[in-house]
Amino acid sequence: MSFNTANMIVFVLMVLLPLAAVLALEVFLSRRPSWWPGLVLPCSVTLGAFNMIRLMALNFLLAQPTLGGILHAGLFILACLVPSAALFTIYFLNRKKVQQKCAETENSKPKR
C-alpha cells in the first residue's frame, strides 16, 4: 500500500465518516415529531462558530490590521458559518417535509 493510499484511508476515517454521521444525525433529529431536537446541532455549531469568530476578532485587534489580514478574517468567518448554514438548511427542509406529512395525515382522517 502506498503512502498516498494510506493518507486517503486516514482522511476518510478521520474526516468524512464523522461528517457523514453528524449529517445523518441532523436528518434523524429534524424528522422527529418535536421541533426542538433538530435545532440542537445547528445552534451548538453556530455558538461554536461565534466563539471562534470572537477569539479571532480579539487577536485581530491586538495585531496591526492589513489588507491580507482583513481578507483572511473574512474567509475565516465564512468558513466558520458555512457548517451552521448547512445544518440549518437540512433542519428546515426536513421540518417542511414533516409538516407536509402531518398535514396530509390530518386531511386523510375521517371527519366526525
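Residues numbered from 1 in each chain as written. Predicted model: local features only at pLDDT ≥ 70, side-chain atom pairs only at ≥ 80, totals over all residues. Heavy atoms only, no water.

### Overview of a nonpolar patch on the surface
Taken together, the side chains of M8, I9, V10, F11, V12, L13, M14, V15, L16, L17, L19 and L23 define a hydrophobic patch exposed on the protein surface, amounting to about 1100 Å² of accessible area. Residue I9 is classed as partly exposed on the basis of its relative accessible area, which comes to 40%. (Patch = residues over 30% accessible without salt bridge, like charges linked within 9 Å, V, L, I, M, F, W, Y side chains within 5 Å. Areas by Shrake-Rupley, 256 points an atom, 1.4 Å probe, with all protein chains shown as cover. Salt bridge = Lys/Arg side-chain N within 4 Å of Asp/Glu carboxyl O. Buried < 20%, exposed > 50% of the residue type's maximum accessible area, 1.4 Å probe, protein only.)

### With respect to the confidence of the model for the protein chain
Per-residue confidence for the protein chain averages 89 on the pLDDT scale, and 97% of its residues sit at or above 70. Within the protein chain, the lowest mean pLDDT, 89, falls on helix α1 (residues 3-30), and the highest, 91, falls on helix α2 (residues 40-62). (pLDDT = per-residue confidence, 0-100. Helix = DSSP H or I, 4+ residues; strand = E, 2+ residues; numbered from the N terminus.)

### A look at the packing of aromatic side chains
For the coordinates displayed, the defined rule picks out two aromatic pairs. Ring geometry for F88 and F92: centres 6.3 Å apart, planes at 20°, overall stacked. In this pair, F88 and F92 both sit in helix α3 (residues 67-108), four residues apart, roughly one turn of the helix. F92 sits in the exposed class, given a relative accessible area of 53%. Between Y91 and F92 the ring centres are 5.1 Å apart and the planes differ by 70°, which places this aromatic pair in the edge-to-face class. Feature note: the residues F88, Y91 and F92 constitute an aromatic cluster, connected by ring pairs. (Phe/Tyr/Trp six-rings, centres within 6.5 Å; stacked < 30°, edge-to-face > 60°.)

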